[in-house]
Amino acid sequence: MTGTWGSGPFDSDAAEDFLDELEGRSAPQRLAAVERTLRSAIEGDGSSSSSVLPEEVMAAAAVVAANIPAGNSLAWNEEVAGITEWLVKPVEPALAASAAQALDVALPPDGWFWRSWVDMEERSEAQAAIDRLQSILRPAGPADSR
């Protein structure tokens, strides 16, 4: 993948650019930018002409997850100083649900993002990172039959 150097949600040029944009903003401005990214992904419905890249969606979802109590200790949070304090608490359940939906839409199982990995071990690591994000953003509840 061009611009991707690892399998984590912050391990690409696009993700790093997204985080750089958020870094100097206030919590409400960060929230607006994250919501805009997630909404664009959902509205793009997996189209290759979507205005956001899958790596940006992963980064936005990881920002949301980092600000949910269950996501405070994610290993990749250490890569971005203070990320667990970037959003106003508590994070609304609707935002977490939007992040989970955006991941589903931007990273479909048969999509180019998954086909573009050359190293199968790194692809598996990327899948594990997405699965971990989803488990935080969409925790299994008593009525969840997944």
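Look up a bit, the structure's there.
Residues numbered from 1 in each chain as written. Predicted model: local features only at pLDDT ≥ 70, side-chain atom pairs only at ≥ 80, totals over all residues. Heavy atoms only, no water.

Once that is clear, we can look at the packing of aromatic side chains. Scanning the model with the defined rule gives 3 aromatic pairs in all. Residues Trp112 and Phe113 carry aromatic rings whose centres are separated by 6.5 Å and whose planes lie at 75 degrees to one another, so their mutual orientation is edge-to-face. For Trp112, a relative accessible area of 40% corresponds to the partly exposed category. Classification of Phe113 by relative accessible area gives buried; the value is 3%. Note on Phe113 and Trp114: the rings are 4.9 Å apart at their centroids and 85 degrees apart in plane angle, and the pair reads as edge-to-face. (Phe/Tyr/Trp six-rings, centres within 6.5 Å; stacked < 30°, edge-to-face > 60°. Buried < 20%, exposed > 50% of the residue type's maximum accessible area, 1.4 Å probe, protein only.)

On to helix H2 (residues 27-44). Given a rise of 1.5 Å per residue, 18 residues ought to cover 26 Å, and the 26 Å separating the end C-alpha atoms of H2 matches this to within 8%. For H2, the full list of buried residues reads Ala27, Arg30, Ala33, Val34, Thr37, Leu38 and Ala41. One face of H2 carries all of its buried residues, which in axial projection span an arc of 130 degrees. Away from its buried face, by an angle of more than 90 degrees, H2 presents the exposed residues Pro28 and Glu43. Buried residues belonging to H2 abut helix H1 (13-23), helix H3 (54-66) and helix H4 (93-106). (Helix = DSSP H or I, 4+ residues; strand = E, 2+ residues; numbered from the N terminus. Expected span 1.5 Å × (residues − 1). Arc of directions from axis to C-beta. Contact = heavy atoms within 4.5 Å.)

This part covers the pattern of salt bridges. Scanning all chains against the criterion turns up 2 salt bridges. Among the ionic pairs, Glu85 bridges to Lys89, the shortest N-O distance being 3.9 Å. Using a relative accessible area of 58% as the deciding quantity, one classes Glu85 as exposed. In this structure, the salt-bridge partner of Asp104 is Arg138, at a minimum N-O distance of 3.0 Å. Separated by 34 residues along the polypeptide, Asp104 in helix H4 and Arg138 in the segment after helix H6 (120-137) bring together distant segments of the chain. For Asp104, a relative accessible area of 38% gives the class partly exposed. Relative accessible area serves as the criterion here: at 28%, Arg138 is assigned to the partly exposed category. (Salt bridge = Lys/Arg side-chain N within 4 Å of Asp/Glu carboxyl O.)

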